[in-house]
Amino acid sequence: MLIDRYPKEEIFARVPKMTERIDPVLQHLDRLLDDDELYQQVRNDFGKRHRYTLVHGRHSTPVEVLLRMLLLKHLFGWSYQETEDRVDESLVLRWFSRLFWEPTPDDTTLIRWANTLRPETLHALNDRVVALARQARVTSGRKLRLDATCVQTEIHHPTDSGLLVDGVRVLSRFVKHAKGLVSEQVRSLEQMCRSRLRSAKRVAQQLHRQLRRKGEDKEAEQQQLYQKLVEIAEHMVQQATRVVAALGQQTERQATRLRTQAEEILPLVKQVIAQTRRRVLEGKKVPSEQKVLSLFEPHTRAIPRHKGGAQVEFGRHVILDEVEGGIVTRYQILEHPNEHGQAIEAVAHHVALFDHPPGTVAGDRGVHSPETEAILKEAGVKRVAIPASGKLSEERNALEHTRPWRRGYRWRAGIEGRIASLRRDYGWRMCRYHGQDGMERWLGLGVIASNLRHLAQATVK
């Protein structure tokens, strides 16, 4: 029979059925994200972006769209640009993001809104996801295991010469931008706003060539070149300090912004100069916790690696707790690469989430501390499968060879797979956000995406 046209219908009405065939996990994720508590926590942070964000100005991209697109980014490991392109081209992702036929927000828009999320909000969001997992009976919190890993920061390999050149580069850029603002206040403008970057690069290149040479006078020449590089950096610091003082007399927005940026970077450059003098020129050791490893990611730490591959990793030590069902209940950036005593905090957080202590707590030897087991037993934990460090007594040795203890410790090995999954699929290998708050944001979004996927997969089954 001849027909003229198909009947009109609403396109997005059939998308959920299509999603069930294409990706059933995404459909269940959509239901999980229809949670008003999750929405309100994110909205509160977005509302603090500017003073009058909640009441004035043009309409923003909806909070629901921003939250779902950020989760898609971390769920599939996309870049911001890729997230924008994928959502723009796919009906399913437009439906999931609640974007429908509206224009897709730009990648820079997503970046600016993502930067307003506070670390505390992401911890609260993850707690809410854990509560949803408990309601869905994906987990009941009977077992708890914890371990730590290193999440690297996005920096180049730190060397004294490289950090000095970075300092000269940043300060040269600062005085160049400030030149037009201080021209009426400074007499020797050209000298004060002079860039010393070419001189620093030339000395650094000579130093790198010198390091490949062989000879008895090699060390003395290296000392001279380092001394010259340090002097260039010190001259640049003096110039920048004078420019900051001149900018302090102005009230313009650009002058205030430049002065704030310079006041943040100047102490770091001075610390790099001091540690280079002490380590290279004076031959003294600098404690690892006192070193500046990056001017752009100053929170980076040098973390010794006791496994194969690189001897040292540059980033932060992060500990995470996991319960049965593959749900990560807590993550924390450690101030020092030391896990001792972390099981006590893990159990306290577990009790706050589940209203009861776990029956089994498992961890490796790094989590052990002398008082850990006694405190956990007092908190109501029945079995603590954490190996003791040092020489074991006969009683302790016998305990660690009993079948229940060994069964609990074998269960601990599963968290190695969770860490591998987070590093491979959710960005925990290297943090792409800046600063310690940025790292907490990066880790939190990765954990929430992982937990939501596990929760949706368990619901599908």
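For clarity, every value in this text was computed on a predicted model and none was experimentally measured.

Draft legend 1. Spotlight on the pattern of salt bridges. One pass over the full model with this rule turns up 30 salt bridges. A salt bridge links aspartate 35 to arginine 128, with the shortest nitrogen-to-oxygen separation between them at 2.7 Å. Of the two residues, aspartate 35 sits in the loop between helix 2 (24-32) and helix 3 (36-46) while arginine 128 sits in helix 8 (residues 119-135), which places them 93 residues apart along the sequence. Note on arginine 128: relative accessible area 16%, which makes it buried. For arginine 259, the salt bridge identified is with glutamate 263, shortest N-O distance 3.9 Å. Of this pair, arginine 259 and glutamate 263 both sit in helix 13 (residues 253-281), four residues apart, roughly one helical turn. By relative accessible area, which is 44% here, glutamate 263 ends up partly exposed. Through salt bridges with shared partners, one network takes in Asp30, Asp34, Glu64, Arg68 and Arg98.

Draft legend 2. Focus on unusual backbone geometry. Not every positive phi belongs to a glycine, and phenylalanine 100 is a case in point at roughly 55°. Inspection of the secondary structure puts phenylalanine 100 in the loop between helix 6 (91-96) and helix 7 (107-114). Positive phi outside glycine occurs at aspartate 355, with the angle close to 65°. Turning to its location among the elements, aspartate 355 is positioned in the loop between helix 14 (342-354) and strand 5 (360-363). Under the relative-accessibility criterion, aspartate 355 is labelled exposed at 61%.

Draft legend 3. Geometry of a nonpolar patch on the surface. On the surface, a nonpolar cluster with roughly 340 Å² of combined accessible area is contributed by Tyr52, Leu54 and Val55. By the secondary structure assignment, valine 55 is in the loop between helix 3 and helix 4 (63-76). Under the relative-accessibility criterion, valine 55 is labelled exposed at 63%.

Draft legend 4. Just the state of the cysteines, in detail. Applying the stated criterion across every chain yields a total of zero disulfides. For cysteine 431, which is in no disulfide, the shortest distance to another cysteine sulfur is to cysteine 150 and amounts to 11 Å. Relative accessible area serves as the criterion here: at 2%, cysteine 431 is assigned to the buried category.

Draft legend 5. Representation of the packing of aromatic side chains within the structure. Tallied over the entire structure, the rule returns five aromatic pairs. The interplanar angle of 15° and the centroid separation of 6.3 Å between the aromatic rings of tyrosine 80 and tyrosine 433 together place this pair among those described as stacked. Here tyrosine 80 is found in helix 5 (residues 80-89), whereas its partner tyrosine 433 is found in the loop between strand 7 (430-431) and helix 19 (435-460), with 353 residues between them in sequence. When its relative accessible area of 12% is taken as the criterion, tyrosine 80 is described as buried. Ring centres of tryptophan 405 and tyrosine 409 lie 5.4 Å apart, and the angle between their planes is 20°; on these two criteria the pair is classed as stacked. Here the residue tryptophan 405 and the residue tyrosine 409 both occupy positions in helix 17 (residues 403-412), the gap between them amounting to four residues, near one helical turn. By relative accessible area, tryptophan 405 is classed as buried at 7%.

Thresholds applied
- Position numbers for residues start from 1 in each chain and track the written sequence from start to end.
- Totals for whole chains, interfaces and linings use all residues, but because this is a predicted model, local features are given only for residues with pLDDT of at least 70 and pairs of side-chain atoms are given and counted only at 80 or more.
- Only hydrogens and water are removed before side-chain values are computed, so all heavy atoms of the structure are retained for them.
- One side-chain nitrogen of Lys or Arg within 4 Å of one carboxyl oxygen of Asp or Glu is enough to make a salt bridge.
- Starting at the N terminus, helices and strands are each numbered in turn, a helix being any DSSP run of H or I of at least four residues and a strand any DSSP run of E of at least two.
- Only protein chains enter the accessibility calculation, which uses a 1.4 Å probe; a residue whose area is less than 20% of its type maximum is buried, one above 50% is exposed, and one in between is partly exposed.
- Patch rule: a residue counts if its relative accessible area is over 30% and it has no salt bridge; like charges are joined within 9 Å, and nonpolar side chains (Val, Leu, Ile, Met, Phe, Trp, Tyr) within 5 Å.
- Computed with a 1.4 Å probe, the accessible areas rest on the Shrake-Rupley method; for each residue, only the protein chains presented here act as cover.
- Any pair of cysteine sulfurs within 2.5 Å is marked as a disulfide.
- Two aromatic rings, drawn from Phe, Tyr or Trp (for Trp, its six-membered ring), form a pair once their centres lie within 6.5 Å of each other, and the interplanar angle then sorts them: stacked below 30 degrees, edge-to-face above 60, tilted otherwise.

So far we have only geometry, and geometry alone does not tell us how the molecule works.
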